[in-house]
Amino acid sequence: MIRGFCLALAFLCWAALAQAGEAVVFEAEFEQTRTTPGLERPFESSGTVRWTDEEYLEWQTKEPFEYRYVLTRESMLEELPDGERREIRAEDAPWVLSLNELLMAVVSGDKERMARRFDIEQLGADETDAELELLRLTPRDTALGEQIEVIEVRRADLVPRRIDLHETDGGHTHIRLRPVTGADALKAPEEDAEGDS
Amino acid sequence: MIRTLAWIALLAVLVALALARTGEEGPLDTDVTHLLPEEHQDPLVAEAMSRNRLGVSDELLVLVRGPDPAAREAAEAVAGILQSEGGVRTPVREDTEQLAELLEDYRFGLLADDRREAMRLAPSASYLDAVRARLARPAPGIGLSIDRDPAGLFADYLTTLPAPYPGFRESGDLWQREAQGETLWLFPGQLEGNAFAEATQIRVTEALERAREVAAERCPDCLVQATGPVRFASEQRDRARLEVLILSSLSLTGILALILFAFRSPRPLAMGVLALGSGVTLAVAFSLLVFGRLNVITLVAGTTLLGISIDYVFKYLVHRSESDDGHRVVRGLLRPLSLGVASSLLALGVLMASPFPALRELAVYAAAGLAGAWLTVVLLFPSLDRHRPARLGEGIQKLLGEIPPVTGGPRRLIPVIPLLCIPIGVLAFVQLPGTDDVRSFQSPVEALLSEDEAVRSATGMAFPEGFFLVRADDADEVLEREAALIDVLDQQSGHRRSVGTTRLIPPVSQQREAHQLVGEALHDPDLIDALKALGLGAESQQRLREDWAAGQDLTLRPEVLADTALADFLNAVWLTVDGRPASLVVPRGPVPETLVSDAGEGVSFIRPVEAMNQTLSEQRAHASTWILLAAALGIPALFMLMLGPRRGMKAALAPLSALSLTLIFLWVSGIGINTFVLMGLVLGLGIGADYAAFLASERGTARAGITGIGLAGLTTLLAFGLLGLSRIPALQEFGLTAAVGIVTAWLCAFIIARPPPGQEMRA
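Bear in mind the structure is a predicted one, so any value in this text is a computation, not a measurement. (Residues numbered from 1 in each chain as written. Chains lettered and ligands numbered in written order. Predicted model: local features only at pLDDT ≥ 70, side-chain atom pairs only at ≥ 80, totals over all residues. Heavy atoms only, no water.)

(A) View of the overall build of chain A. Scanning chain A from terminus to terminus reveals 5 helices and 11 strands. Each of the 197 residues in chain A was classed as buried or not, and the buried ones make up 53%. Considering only contacts within chain A whose residues lie at least 6 apart along the sequence, 42% involve residues at least 24 apart. (Helix = DSSP H or I, 4+ residues; strand = E, 2+ residues; numbered from the N terminus. Buried < 20%, exposed > 50% of the residue type's maximum accessible area, 1.4 Å probe, protein only. Contact = heavy atoms within 4.5 Å.)

What follows is the structure, encoded as C-alpha cells:
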C-alpha cells in the first residue's frame, strides 16, 4: 500500500495543482536517482511518464533497461525487463485502491481530501533556483509516515520540475522532470483557481 | 391437612434447592443455541461447525453510503457509537508491518503465486527482473531493505495477501471505496457478546438506532444499512414476542370467558390458576435442579404444554359441582386422573431420553409440571375447596354435556374405526416426509433481507452457506489439499475471496520449493555479478546467502503462529481434534455444485443448517419411533392394568386411533413430520389418553363429566389451536397438529372409549 502512495506522490506535485476540469494528458521525460541503504551506489534510470485523465498513469523506464509500470482504477500492471507481465487487481490489493483514491482526489482538485493525508507548506522560491517554487508535503497518515518523512516538490510556472522523496530509512529518491506535453493544460486551471481565490 | 402441608413443604424444599443451585448467571438462559442438538457426527465436523458458527454469527456489517466528507464523519460516528455503546469491536487484524515481523524468518519460503511460477521457469533471470523492477518502480518497496530482500519477494508476498473486504481499503476502523459518485464506508464489527442472547441483541439494536440518528444529523443524504445474524435474531425475537402476546391474549380471554360462562363464578378460575401455578413452580424448580438453568424457550413452550393439566381441574370442578365433599370427589377421580397423568408421563418420558436438548428439557419440564398440577388437584383441592360448590350452568351442560352414546347398529361398526385408522396411520407415519428445519423458528423478515442483500452486494461479502472441511492424516497434507481446493475456487470464481489457512501459510512443499528456487538464484554466479553491477556489494550478497541457509530448516506451520497476533485468524480456519488436523475454507461467493459434490480427497462441503437439520431429523425420527412404540405398547398395558384387560384394551384404542388420524392428516396435508409436529402429536396423544381413561373409568359417564371433557377440550383448543394462526412455521405446524389431535382425541374418546349405557365401570 505504501508503495502505491509513494508512486502517487511522485505526481502529486502537478496533479495537486490541477483543478476539476477537462481531461488532462500530461507527458514528461524523467531522470530518477535512487539512493537506498544497502546499495553501494545510487541507481539511476530515465524514461517517460504519462498521465491521462483520471484513469491512467504510465511510468516507462528506458535506461538502463526497459520497464513499464501502469496504474489504472482496476489494477496495477508491471512489464519486467524480460517481458514478463505482472498484474495486481485493485479488488485483491487495497493499496492499489488507496493509490487510485488519492489520484482521483487529486485529479478532481479536491484539496480537502489531499489535506487529510498531507500537511502542505508553500515555502516560496527555492534557494538554489529562484525560478522554482518549493512545496513541502508531510504525511499525516501514520502508516504513510512510517515510510516517508517528507516530499519536496519544486515547480516552475506551476509545473513540477523536481521531486525529492525522503524515506524514513534514509533512502532518497530524486526525480527530475522535463514536460513534453500537457503543461499548459495543468497550468491553466490552477491559475484560474488562484485568480478566483 | 397433612397431605396439604406435605405438598406445600415438598414444593418449598424443591424451590429452595433449585435456588441454591442457581449460579451467578441467574436461572434463565436466553441463548436459544443451547437448545440445538449436539453434533453427534464426527467430532471434527462438530468442532468445525462450532468454529464456523462462532466466526459467522458474531459478524455485524454496517455500511454508510453518501457524499464525502459528510459520509465519512457519519461512518466514524456510527463506528464510535457501536463500539462504545453496542459492545461491538473491530476484528483484530494484523497490519503489514506486524505480519512482516512475524514471518520474516520464513521469508525465503514465502513467494507470491506469480513469482513462484516465474521462478520455476528461470530462477535467476526472474529474480534479477524483480530486483530491477524494485529499483525502477517510481516508489520504494515496503518490507525489508534492499540488501535483505533485493527482489522485494517478501514484500510481494505480503502485499498480495487477499484483502478481507474486496474492493475496500482500510482507513482506521473503517473500510472505504468509491462507487457511482458516492463513497461507501464499511464498519465491519464483531460482537463481544452472543448474537442470540437477548442482552446482546438489545444492546446492539439500541446502539444502532442511536448511531442512525447521529448519522442522519451528520450526513442527511447518507444511507446507513446494517446486517448480521444479531439483527435477524433480534427482529425474530421481537416478532415472536408480539405474536405470542396477541395469541396468548386471545387464548386467555377465550378461556376466561368460557370458565365464567360455565361456572358463573370466579372460584374455578382461581383454582385453575392455582393448579397451573403449582405445576409451573414444580416444573421450574425440578428443571433447575436437573439442568442448572432453564432456557426461556423451554419455559414458554413447556408452560404451554402444561395446558393439558387444565383437564384435571375441570374434571374435579364438574364433579365437585354435583357433590359437597371434595375428598369424595378426588377419591372417585383418582383412577382416571392417575391413568391420564401416567399416560402423559409415559409419552414425555420417552422424550426425556432424546439426545436433542430442547426435547429433553421440554419433557422434563412438562412432566414435572403435569405431576405438580395433578398433585395439587389430588392433595390440595379437597382441603382448600370447602365452600359451596360452583354449579355448572345449564347452558354449557346443554351445549357440551348432552352427547348421546353410540348405540344400536352403528355401535357394531365402532371396531372398524381403529381397524382402519391404525394401519393407515402406521402407513402414514412410515410415508411422512421429514420436514425438520431449524429455520422454521423464523418468519421471513423482508425489510431486513433486502437490507442484508444491499450490504452484501455492495461489499461482496456473500453470507457463506457453508464451508469446506479439509482433512488428512497430517497437517502438511491438509495444507496441500487445501491449496489445491483454493486454486480451483479461485479459478472458478475469478477472484480470491475464499478464506483459508493457505492464504497465509503455503503448503510445506511450496515453501520448500520456494526456498530451493531462491537459493538456486542467489548462488548463480551470473546473478551475483548482475546484482553487483546494480550496486549490491559482495558482503551484502554473502549475508543474504547466509540468511537463506539459516532458513533452510524453517517451515511456517499453523502451530508456529498459534500464540501470535494471528491466533484469531488461525482459530477460525485451523483446528486439531484428538490429534487429527483439519482446516476450514470459507467461500465468499457461490460454490459450484460440482465442487460441492466432489471437492477432492478428504474435502467435504458442509452446510451447517443442513447438517443441523439432518441431526434434528435423525433425532426426531428416533424420538418419534420411541413415542409410537410407547403409545402402541405402553398405553394399552397401562390401561389394561388399571381398567381390566377388555375395557382397558378397548379404551386404549381411542387415543391410538386419534393419533393415527392425526398422522393421516399430516400425510394428506403435506405438513410432514418434524420436531414441532412431534410435540403436537405428543400433546394430542396425552390428551387423547386422558379423555379415554376418564370416559372408560368414569362412574356413570354423567352429563357433568361429559361437559367437563368438552370444557377441557375447548380450553386446550383455545390454548394450542390458536397457534395454528402463527406466522412462525414451527408454531403454526405445532398448533395445527395439536388442534387436529385434540379434536380427534375428543371424537375417538366418545366413540370408542365410552362404554355403552349400562356398562359403566363401578368405582
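(B) Quick peek at the overall build of chain B. If you tally the helices and strands in chain B, you get 29 helices and 12 strands. Taking all 763 residues of chain B together, 56% fall into the buried category. Long-range pairs, those at least 24 residues apart, make up 82% of the contacts in chain B between residues at least 6 apart in sequence. Carbon and sulfur atoms form 59% of the exposed surface of chain B, whose accessible area is close to 30900 Å². (Areas by Shrake-Rupley, 256 points an atom, 1.4 Å probe, with all protein chains shown as cover.)

(C) The state of the cysteines, seen in detail. All names here are of chain B. Inspection of every chain in the model, using the stated rule, returns 1 disulfide over all chains. The closest cysteine sulfur to the non-disulfide-bonded cysteine 421 is located on cysteine 748, 6.2 Å from its own sulfur. Given a relative accessible area of 9%, cysteine 421 falls into the buried group. (Disulfide = S-S within 2.5 Å.)

(D) Structural context of the pairing of strand β6 (residues 182–191) of chain B. Residues and elements named next belong to chain B. Here β6 lies mainly inside the structure; 9 of its 10 residues are buried. As paired strands, strand β2 (residues 59–66) and β6 are joined by 8 bridges and run antiparallel to one another. Among the inter-strand pairings, leucine 63 is bridged to a residue of β6, identified as leucine 186. Sheet analysis places strand β3 (residues 88–89) next to β6, joined by 2 bridges and oriented antiparallel. In the sheet register, arginine 89 faces β6, and the bridge partner there is glutamine 190. With 5 bridges joining them, strand β5 (residues 174–179) and β6 adopt antiparallel strand pairing. The residue of β6 that forms the bridge with tryptophan 175 is leucine 186. Where β5 folds back onto β6 in an antiparallel hairpin, the turn is made up of 2 residues, including glutamine 180, whose phi is positive at roughly 50°. (Pairing = 2+ DSSP bridges.)

(E) Region of interest: the sheet that holds strand β9 (residues 467–471) of chain B. Residue and element names in this part refer to chain B. Read across the sheet, 4 strands follow the order β10-β11-β9-β12 without closing on themselves; strand pairing throughout is antiparallel. Only two strands of the sheet have a single neighbouring strand rather than two, namely β10 (574–577) and β12 (603–606). Put simply, the sheet's adjacent strands are angled 25° from each other on average, direction ignored. Across 4 bridges, the pairing between β9 and β12 is antiparallel. Paired with phenylalanine 468 across the two strands is phenylalanine 605, which belongs to β12. In this fold helix α19 (residues 475–493) packs onto β9, β10, β11 (580–585) and β12, with an angle of close to 15° to the strand it touches most, β11. (Axes fitted to C-alpha atoms, helices over the stretch in contact; angles between N-to-C directions.)

(F) Representation of the packing of helix α9 (residues 229–263) of chain B against helix α28 (residues 703–720) of chain B in the model. Residue and element names in this part refer to chain B. Between α9 and α28, the least distance of the axes is 8 Å, while the angle of their chain directions is 165°. Accordingly, the angle class assigned to the pair α9 and α28 is roughly antiparallel. Once α9 is placed against α28, the crossing between them reads as right-handed. When α9 is examined against α28, the residues Ser251, Gly254, Ile255, Leu258, Ala262 and Phe263 are found in contact with a partner set consisting of Leu711, Leu714, Thr715, Leu718 and Ala719. (Parallel < 35°, antiparallel > 145°, perpendicular 65-115°, else oblique. Left-handed = near helix turned anticlockwise from the far one by under 90°.)

(G) Structural detail: α28(B). Here α28(B) is 18 residues long and its end C-alpha atoms lie 26 Å apart, about the 26 Å a rise of 1.5 Å per residue gives. Among the 18 residues of α28(B), 13 are classified as buried, and the element is accordingly described as predominantly covered. (Expected span 1.5 Å × (residues − 1).)

(H) Structural detail: unusual backbone geometry. In this structure, Pro64(A) follows Glu63(A) across a cis peptide bond, with omega equal to 5°. The residue Arg264(B) is not glycine, and still its phi comes out positive at about 50°. Relative to the helices and strands, Arg264(B) resides in the loop between α9 and α10 (267–291). A positive phi angle, near 50°, is found at Asp578(B), a position not held by glycine. With respect to the helices and strands, the residue Asp578(B) is situated in the loop between β10 and β11. A relative accessible area of 68% means that Asp578(B) is categorised as exposed.

(I) Here's a closer look at the nonpolar core. Phe263(B), Tyr316(B), Leu351(B), Phe639(B) and Leu711(B) are the most contacted members of the largest nonpolar core, which totals 116 residues. Per element, the largest residue contribution to this core is 16 residues, and it comes from helix α27 (residues 675–697) of chain B. When neighbours within four sequence positions are excluded, Leu711(B) is seen to be in contact with Leu258(B), Ala262(B), Phe263(B), Phe314(B), Val318(B), Leu392(B), Ile396(B) and Leu400(B). Counting 50 residues, the second largest nonpolar core, distinct from the first, contains Tyr67(A), Leu128(B), Leu517(B) and Ala530(B). (Core = buried A, V, L, I, M, F, W, Y, C linked by side-chain atoms within 4.5 Å.)

(J) Layout of the side chain of Thr662(B). With respect to the helices, strands and loops of the structure, Thr662(B) is situated in helix α26 (residues 645–669). Residue contacts for Thr662(B): discarding those within four places in its chain leaves Leu681(B), Thr737(B), Val740(B), Gly741(B) and Thr744(B).

(K) Inspection of the pattern of salt bridges at higher detail. Residues and elements named next belong to chain A. Enumeration over the complete set of coordinates arrives at 33 salt bridges over all chains. The partner of glutamate 31 in a salt bridge is arginine 176, and the shortest N-O contact between them spans 3.3 Å. Of this pair, glutamate 31 sits in strand β1 (residues 25–35) while arginine 176 sits in strand β11 (residues 172–181); the two residues are 145 residues apart in sequence, bridging distant segments of the chain. By relative accessible area, arginine 176 is classed as partly exposed at 30%. (Salt bridge = Lys/Arg side-chain N within 4 Å of Asp/Glu carboxyl O.)

(L) Expanded view of a negative patch on the surface. A contiguous patch of negative charge on the surface is contributed by Glu206(B), Glu209(B), Glu213(B) and Glu217(B). Residue Glu217(B) is classed as exposed on the basis of its relative accessible area of 64%. (Patch = residues over 30% accessible without salt bridge, like charges linked within 9 Å, V, L, I, M, F, W, Y side chains within 5 Å. Lys, Arg positive; Asp, Glu negative; His and termini not counted. Charge placed at Lys NZ, Arg CZ, Asp CG, Glu CD.)

(M) Broad picture of the environment of Glu152(A). All names here are of chain A. Checked against the element boundaries, glutamate 152 lands in strand β9 (residues 148–156). Measuring from C-alpha to C-alpha, the distance between glutamate 152 and histidine 174 comes to 9.5 Å, with 22 residues separating the pair along the chain. At 3.0 Å, the side chain of glutamate 152 forms a polar contact with the side chain of arginine 136. (Polar contact = N/O pair within 3.5 Å; in protein donor to acceptor, adjacent residues only side chain to side chain.)

(N) Structural detail: the packing of aromatic side chains. All names here are of chain B. What the rule picks out here adds up to 6 aromatic pairs over all chains. Taking the centre distance of 6.4 Å and the plane angle of 5° together, the rings of phenylalanine 263 and phenylalanine 314 count as stacked. Remark: phenylalanine 314 occurs in helix α12 (residues 310–320) and phenylalanine 263 occurs in helix α9; sequence separation between them is 51 residues. Pair check on accessibility: phenylalanine 263 and phenylalanine 314 agree, each one buried. Between tyrosine 316 and phenylalanine 381 the ring centres are 5.2 Å apart and the planes differ by 65°, which places this aromatic pair in the edge-to-face class. A residue pair is termed long-range when its members are at least 10 positions apart, and tyrosine 316 in helix α12 and phenylalanine 381 in helix α14 (residues 357–384) qualify at 65 residues. (Phe/Tyr/Trp six-rings, centres within 6.5 Å; stacked < 30°, edge-to-face > 60°.)

(O) Layout of helix α17 (residues 416–431) of chain B. Residues and elements named next belong to chain B. Its 16 residues place the ends of α17 23 Å apart at the C-alpha level, agreeing with the 22 Å of an ideal helix rising 1.5 Å per residue. Looking only at α17, the buried set comprises Pro418, Cys421, Gly425, Ala428 and Phe429. Looking straight down α17, one finds its buried side chains confined to an arc of 105°; they lie on one side. Projecting away from the buried face of α17 at angles above 90 degrees are the exposed residues Leu419, Leu420 and Val430. (Arc of directions from axis to C-beta.)

(P) Here's a closer look at the side chain of Gln511(B). All names here are of chain B. Considering the arrangement of structural elements, one finds glutamine 511 in helix α20 (residues 508–522). Taking the relative accessible area as the measure of exposure, glutamine 511 reaches 4% and is therefore buried. Reaching out from glutamine 511, the side chain makes a polar contact with the backbone oxygen of proline 506 at a distance of 2.8 Å. Beyond its immediate sequence surroundings of up to four residues, glutamine 511 is in contact with Gly109, Leu110, Ile505, Pro506, Thr555 and Leu556.

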